[in-house]
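Examination of the molecular architecture
The primary structure of each chain is shown beneath.
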Amino acid sequence: MIRNEQVARLWSKGKVGRSKNMSTDGKTLWSYGLPIGVTVGGKRVAFPAMAPNFISNTTSRHSSFAAQYADVVAPKAAVSQLVDAWNTWYNEPSDLQKLARKLAEDVLGGKYGGSAA
């Protein structure tokens, strides 16, 4: 099994990878059931689930790897929306993935202030 940081690196290269609690299909990076990174239009956007959007120490660590390999780190307001949805839709990963992609598009489009590209 590969290490968590290697999973994040594979996500950054658009490749598939899995560790015990982190995975990627090359487009979405997951910590357990939470998408913590998505690729939209060739740009990698990280959603770091860290304070004030804390879920667990492990997910925070996974999130730091996502941020390290991302082109853009989503602002706290976007991360809050995703974490709130995860708490509500925990058993619906496809809905979370769609929401993460939409939020990433909004971040890249400047909805959260300025251009993130």
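Everything discussed here concerns the structure shown above.
Residues numbered from 1 in each chain as written. Predicted model: local features only at pLDDT ≥ 70, side-chain atom pairs only at ≥ 80, totals over all residues. Heavy atoms only, no water.

**Observations regarding the side chain of arginine 44**
- Structurally, arginine 44 is set in strand E5 (residues 43-46).
- Here the side chain of arginine 44 touches serine 12 through a polar contact of 3.1 Å, landing on its backbone oxygen.
- Here the side chain of arginine 44 touches tyrosine 69 through a polar contact of 3.0 Å, landing on its backbone oxygen.
- Apart from residues no more than four positions distant in its own chain, arginine 44 is found in contact with Trp11, Ser12, Val38, Thr39, Tyr69, Ala70, Asp71 and Val72. (Helix = DSSP H or I, 4+ residues; strand = E, 2+ residues; numbered from the N terminus. Polar contact = N/O pair within 3.5 Å; in protein donor to acceptor, adjacent residues only side chain to side chain. Contact = heavy atoms within 4.5 Å.)

**Quick notes on the sheet that holds strand E1 (residues 17-18)**
- One open sheet holds the 6 strands; their spatial order is E1-E2-E3-E4-E5-E6, and the pairing between them is mixed. Bordering the open sheet on either side are E1 and strand E6 (72-73), each of which pairs with just one other strand.
- Where E1 and strand E2 (residues 22-24) come together, 2 bridges link them in antiparallel fashion. The residue bridging glycine 17 from the neighbouring strand is threonine 24, located in E2.
- On the sheet, helix H1 (residues 4-12) packs against E1, E2, strand E3 (28-31), strand E4 (34-40) and E5 and is oriented at approximately 15° with respect to E2.
- Those strands touched by helix H2 (residues 57-69) are E2, E3, E4, E5 and E6, and its axis lies near 10° from that of E4. (Pairing = 2+ DSSP bridges. Axes fitted to C-alpha atoms, helices over the stretch in contact; angles between N-to-C directions.)

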